[in-house]
Amino acid sequence: MLGGTFDPVHHGHLRSAIELREALGLDHVLMIPCHQPPHRAAPGVSSEERLAMLEAAIAGEPGLKADARELFRNGPSYSADTLASLRGEYGPQARLVMAIGHDAFLKLGEWHAAERLFDDAHVVVIERPDHDAPLPEALKALIEGREVQTVAELMARPGGLLLRLSLPTRMAISATFVRERLALGDSVRYLLPETVIRHIEARSLYCPPCE
């Protein structure tokens, strides 16, 4: 599971998904657009449009799947609820992984029902090599005794463990930067898949205000 607002989905998201699948030997990566983020303002573009852009971006890409389950759930899109849904669907023996970035990891101890995350899945942290901030106390307590060092150790169990993982490619692209360029009418070519750019242009998403 790789969640996010995908507002809009860009090459950084997509490359990370592909490299996660390869590094962990996953059958597939579910990319799950967040409907109502618990810890930030709602995106300015609808969930349906963000899902449509994601589907356009990964069409034909083996192993990447768009999953809309959070779009049909009322209230905040809590990862604990999403993982419980996935566990119920895939069964008790399936190896499930939730991948998060390092910044999100540092706040994991504050997440809703954080302990439940490990009841249903492993957590894989996409490391930032230049980031060595000390861990908050709540996070240290949450992950105590869970961290492993290798993919083999992680995949020996269906869930409950934590692995920090460095991916080969770390693209310095942010959705905020993309939205800012779109709002100014600047080019976003090579930041987004062409299929996503065409969708944005056809629907006039993120466009500069018209007079």
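Per an unreviewed UniProt entry, the protein chain is named Probable nicotinate-nucleotide adenylyltransferase, and its organism is Cobetia marina. Under the Catalytic activity (unreviewed entry) heading, UniProt states for the protein chain: "nicotinate beta-D-ribonucleotide + ATP + H(+) = deamido-NAD(+) + diphosphate". The UniProt entry for the protein chain carries this comment under Sequence similarities (unreviewed entry): "Belongs to the NadD family."

A. Expanded view of the overall build of the protein chain. Counting its regular elements, the protein chain contains nine helices and seven strands. Against the 2.2 N^0.38 benchmark of 17 Å for 211 residues, the protein chain shows a C-alpha radius of gyration of 17 Å, consistent with a compact globule. When the backbone C-alpha atoms are referred to their principal axes, the protein chain occupies close to 60 × 35 × 30 Å. The 211 residues of the protein chain split such that 48% are buried. Contacts in the protein chain between residues far apart in sequence, at least 24 positions, make up 72% of those at least 6 positions apart. About 10800 Å² of surface is accessible on the protein chain, with carbon and sulfur atoms providing 51% of the total. Here the protein chain holds 22 positive side-chain charges and 29 negative ones, and the gap between their average locations is 2 Å.

B. Spotlight on helix α3 (residues 79-90). In this model α3 runs 16 Å from its N-terminal to its C-terminal C-alpha over 12 residues, within 8% of the 16 Å that 1.5 Å per residue would give. The elements touched by buried residues of α3 are β2 (29-33), β4 (97-101) and α5 (114-120).

C. Region of the structure containing the pattern of salt bridges. Scanning all chains against the criterion turns up 10 salt bridges. A salt bridge links Glu19 to Arg15, with the shortest nitrogen-to-oxygen separation between them at 2.8 Å. Placement of both Glu19 and Arg15 in helix α1 (residues 11-24) is noted, with a separation of four residues, approximately one turn of the helix. For Arg15, a relative accessible area of 32% gives the class partly exposed.

D. Geometry of the nonpolar core. Grouped together as the largest cluster of nonpolar side chains are 39 residues, with contacts concentrated most on Leu20, Leu24, Met31 and Leu154. Element by element, the count of residues in this core is highest for α1, at five residues. Core analysis: the second largest hydrophobic core is formed by 25 residues, Ile100, Leu108, Leu135 and Leu139 among them.

E. Layout of the environment of Gly160. With respect to the secondary-structure elements, Gly160 resides in the loop between α7 (151-154) and β7 (162-165). Judged by its relative accessible area of 6%, Gly160 falls in the buried class. Apart from residues no more than four positions distant in its own chain, Gly160 is found in contact with Phe118, Ala121, His122 and Arg146.

F. Highlighting helix α2 (residues 47-58). Its 12 residues place the ends of α2 17 Å apart at the C-alpha level, agreeing with the 16 Å of an ideal helix rising 1.5 Å per residue. Residues Ser47, Glu49, Arg50, Leu51, Met53, Leu54, Ala57 and Ile58 constitute the buried set of α2. Looking at the packing, one finds that the buried side of α2 touches α1, β2, β3 (64-66) and α9 (194-203). After α2 finishes, the residue Gly60 shows a positive phi value of roughly 85 degrees.

Rules and cut-offs
Residues numbered from 1 in each chain as written. Predicted model: local features only at pLDDT ≥ 70, side-chain atom pairs only at ≥ 80, totals over all residues. Heavy atoms only, no water. UniProt positions renumbered as here; feature names shortened; annotations may be inferred. Helix = DSSP H or I, 4+ residues; strand = E, 2+ residues; numbered from the N terminus. Rg over C-alpha atoms; globule rule 2.2 N^0.38 Å. Buried < 20%, exposed > 50% of the residue type's maximum accessible area, 1.4 Å probe, protein only. Contact = heavy atoms within 4.5 Å. Areas by Shrake-Rupley, 256 points an atom, 1.4 Å probe, with all protein chains shown as cover. Lys, Arg positive; Asp, Glu negative; His and termini not counted. Charge placed at Lys NZ, Arg CZ, Asp CG, Glu CD. Expected span 1.5 Å × (residues − 1). Salt bridge = Lys/Arg side-chain N within 4 Å of Asp/Glu carboxyl O. Core = buried A, V, L, I, M, F, W, Y, C linked by side-chain atoms within 4.5 Å.

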